[in-house]
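Fold and geometry: a report
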Amino acid sequence: MLLVGRPNMPDRAAFMGRIDRMFDSGRLTNRGPMLLEFEERVARIAGTRHCIATCNATVGLELAISALGMAGDVIVPSYTFVATVHALWRQGLRPVFCDINPKTHCLDPDSVEAAITSRTTGILAVHMWGNTCATHALEDIAQRHGLKLLFDAAHAFGCGTKKRAVGGYGDAEVFSFHATKCVHALEGGAIVTDDSDLAGRLRLMVNFGFSDEDTVKHLGTNGKMSEASAAMGLTSLESMDAIIAHNRRNYAAYAFGLQAIPGISLMSRRMNQQHNYHYIVTEIDAATAGLTRDELVAALRLENVVARRYFYPGCHRMQPYTGLFPQAGRTLPVTEEIARRVMVLPTGMQVSEAEVEQLTSRIAAIVRQAPAVRAALAQCHDPRLPPFLRQ
Ligand code: T4K
């Protein structure tokens, strides 16, 4: 079975060696030696002065939002994983949803500028699929309007331009090291920044606000990463180059295999960008392919391939947000179109180039027989179908 999100497994001997050392040392969490080494390595790759590892990116975002003093309204793309917006809501902020660039799926600076009001205190942008946002335009807007600028870099570890890695943009950036990410720590996240005052506050906040064993200098939470996660993170980092090289080969195999299929386009990677190639993002033009994105996802499930329609229908159309913030339901044309078209295909260390070749041949065959596939799906009650297409 081919799945989007199947974890990259570690070198087990290296990981178990670290776990043994953890038990030998007696230090299981609370800024142990592996955590310190992990933070140093992440900061080096991100090109930042500081890194604060966290238990996951969602808590990392919440901590960064709070430490930056965001209040009132914060501008955010609707086209993102719900965690980005949940993090704002959990800090008592109102998300103001903006549209995205159709090529990169990242926040559109014009949409941001048009949404700024006297209540706006910050922008939370997302490097979607590892594509670097329009960082200069967003930094310029933030500076002109006196706004805080935070980047959700959950997808973008190891990404950036040729000259500058993702990590040092805006006031801070937050990576995810969840098991489904390119480099991972089982569960984990990290906040990176060049701002020493902000980093100092975050170091307190991630550990309940303690500055020593009984002085609480700041409000905070338990956002710490454990030594077991840091052990996994360090082991995963050792394979990072091999993982990216593998993803790159899979991407090339997808580009070759999908090129002649009508109605299916693969998101291109810009030549001036560094990329982890962790997400294989396609867009389905239903009129040309003869099948909608949802029908294609369903047809692939019947072939034991789990492709995903991530972030549908966009947070601005999701019930928790339309209920909480009535303005959330306003129209965002690019987001809605992209949310209807995107299909993410499997990659990573558990997917071989040969499997990619077979998969693209299957997709070509499905599209060739589109009318028959559509008719068969309409009669199908197979439990493997995704819930949104079950009869
Ligand atoms: N911001 C953005 C833009 C994000 O995308 C995310 C997370 C965050 C913030 C928050 O980061 P964290 O707080 O999580 O650090 C995944 C991840 O749970 C989530 O981390 C990620 N984004 C999101 C885009 O995707 P799913 O729904 O893909 O996970 P799931 O459980 O369906 O797993 C995918 C497939 O992989 C499944 O078919 C099963 C397989 N799998 C999964 C796991 C975890 C395995 O075989 N083994 C495993 O251990 O959410």
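Keep in mind that what you see is a predicted model, and the values were worked out from it rather than measured.

**Remarks on the site of the ligand**
- Near the ligand lie 23 residues; those nearest to it are Thr-58, Asp-152, His-155, Ser-176 and Tyr-310.
- The side chain of Ser-176 places a nitrogen or oxygen atom 2.8 Å from an oxygen atom of the ligand.
- A distance of 3.4 Å is found between an oxygen atom of the ligand and a side-chain nitrogen or oxygen belonging to His-178.
- Secondary-structure elements contributing two or more residues to the shell around the ligand are α3 (57-67) and α4 (82-90).
- Residues belonging to the shell around the ligand are distributed by class as follows: 9 nonpolar, 10 polar and 4 charged.

**Focus on the nonpolar core**
- By size, the foremost hydrophobic cluster in this structure holds 34 residues, and its most contacted members are Leu-300, Leu-345 and Ile-363.
- Every element with two or more residues in this core is listed here: α9 (240-258), β10 (264-266), β12 (280-284), α11 (293-301), β14 (342-345), α14 (353-368) and α15 (370-378).
- Sort the elements by how many residues they give to this core and α14 lands first, with 6 residues.
- What Leu-345 contacts, discounting residues up to four positions off in sequence, is Val-4, Tyr-254, Leu-258, Ile-280, Thr-282, Leu-300, Ala-307, Leu-359 and Ile-363.
- Of all hydrophobic cores here, the second largest spans 33 residues; its members include Val-4, Ile-116, Ala-125 and Leu-147.

**Quick word on the UniProt feature "modified residue: N6-(pyridoxal phosphate)lysine" (unreviewed entry) in the protein**
- The sites that carry the UniProt feature "modified residue: N6-(pyridoxal phosphate)lysine" (unreviewed entry) are, in the present numbering, Lys-181.
- The residue Lys-181 is located in the loop between β8 (172-176) and β9 (189-193) in this model.
- For Lys-181, a relative accessible area of 12% gives the class buried.
- Ignoring sequence-local partners within four residues, the contact set of Lys-181 consists of Asn-8, Ala-154, His-155, Ser-176, His-278 and Tyr-279.

**Notes on the sheet that holds β14**
- With antiparallel pairing, 3 strands are arranged side by side in an open sheet as β10-β12-β14. The outermost strands of the open sheet, each flanked by one partner alone, are β10 and β14. Across the sheet, the mean angle from the axis of one strand to that of its neighbour is 30°, orientation sign disregarded.
- Alignment of β12 against β14, held across 4 bridges, turns out to be antiparallel. The partner of Ile-280 across the bridge, within β14, is Leu-345.
- Along the sheet, α11 makes contact with β10, β12 and β14, crossing β14 at roughly 25°.

Scoring rules and cut-offs
Residues numbered from 1 in each chain as written. Predicted model: local features only at pLDDT ≥ 70, side-chain atom pairs only at ≥ 80, totals over all residues. Heavy atoms only, no water. Near = heavy atom within 4 Å. Polar contact = N/O pair within 3.5 Å; in protein donor to acceptor, adjacent residues only side chain to side chain. Helix = DSSP H or I, 4+ residues; strand = E, 2+ residues; numbered from the N terminus. Nonpolar A, V, L, I, M, F, W, Y, C, P; charged D, E, K, R; others polar. Core = buried A, V, L, I, M, F, W, Y, C linked by side-chain atoms within 4.5 Å. Buried < 20%, exposed > 50% of the residue type's maximum accessible area, 1.4 Å probe, protein only. Contact = heavy atoms within 4.5 Å. UniProt positions renumbered as here; feature names shortened; annotations may be inferred. Pairing = 2+ DSSP bridges. Axes fitted to C-alpha atoms, helices over the stretch in contact; angles between N-to-C directions.

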